[in-house]
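# Close look at the chain arrangement
Next come the chains, spelled out residue by residue.
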Amino acid sequence: MTEGTALPGPDGALRCPWALSTEDYVAYHDEEWGRPVHGDDALYERLSLEAFQSGLSWITILRRREGFRRAFADFKIAAVAEFTDADAERLLADPGIIRNRAKISATLANAKVLADWSPGELDALIWSFAPDAAGRPVPRTLSDVAAITPESTALAKELKKRGLRFVGPTTAYALMQACGLVDDHLRDCVARRA
């Protein structure tokens, strides 16, 4: 067996190897990761969570996702845009989330920027950077999966240009993977769409 290839999960189905370390990962891998996500609030949530994940393992964020949702008003852009300095201090004391001042500040600032955008604008912008699936090779092993692509670099640059923070090329690519702009499930993975 080649290192990094799809491996059998608890039910015998082949999955991306990263998904097999915990039940939380199996569910996230099978039901969410790589599935198309649309809607400004839903994409704001994913963008925010990917920023919080920076420097941490995804399982840390995944296991606190409900805490993040409670803390950030279910990631409703209009609601988070109204958060005050007192809310920022409350978030810094909330053990249900990652209490990183820079990441919290960016999440709040991003909501304020996005609140001024037209409905659907974030969705349209992010999805405009989805690469043509026909032009992408299907990854066979984990080493075939990039961390940064020209599209994620361009998306990060555009988001920054429009005033968003904590949106580098790696975060942008993780967002693209998580939200189905790209399908990086391995070739033999049960969750691969095509």
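Residues numbered from 1 in each chain as written. Predicted model: local features only at pLDDT ≥ 70, side-chain atom pairs only at ≥ 80, totals over all residues. Heavy atoms only, no water.

## Some words on the packing of aromatic side chains
To be explicit about the condition: What counts as a ring pair is set by centres within 6.5 Å for rings of Phe, Tyr and Trp (its six-membered ring), and what kind of pair is set by the plane angle: stacked under 30 degrees, edge-to-face over 60, tilted for all other angles. A run of DSSP states H or I qualifies as a helix once it reaches four residues; a run of E qualifies as a strand once it reaches two. Both are numbered from the N-terminal end. Exposed residues in this analysis have more than 50% of their type's maximum accessible area, buried residues have under 20%, and partly exposed residues fall in between, with area computed by a 1.4 Å probe over protein chains only.
In total, this model carries 8 aromatic pairs according to the counting rule given. Geometrically, the ring pair formed by Phe-52 and Phe-72 is tilted, given 5.9 Å between the ring centres and 55° between the ring planes. Here Phe-72 lies in the loop between helix H4 (65-71) and helix H5 (77-81) and Phe-52 lies in helix H2 (residues 40-53), a separation of 20 residues in the sequence. The class for Phe-52 is buried, based on a relative accessible area of 0%. Accessibility expressed as a relative area gives 0% for Phe-72, which makes it buried. Taking the centre distance of 5.5 Å and the plane angle of 20° together, the rings of Phe-72 and Phe-75 count as stacked. Each of the two residues, Phe-72 as well as Phe-75, counts as buried.

## Section: unusual backbone geometry
Of note in the backbone geometry, Asp-74 takes a positive phi value of approximately 55° without being a glycine. Looking at the element boundaries, Asp-74 is found in the loop between H4 and H5. Residue classification places Asp-74 among the partly exposed residues on the basis of a relative accessible area of 48%. The phi angle at Phe-166 is positive, at roughly 60°, despite the residue not being glycine. Within the fold, Phe-166 resides in the loop between helix H9 (150-161) and helix H10 (169-178).

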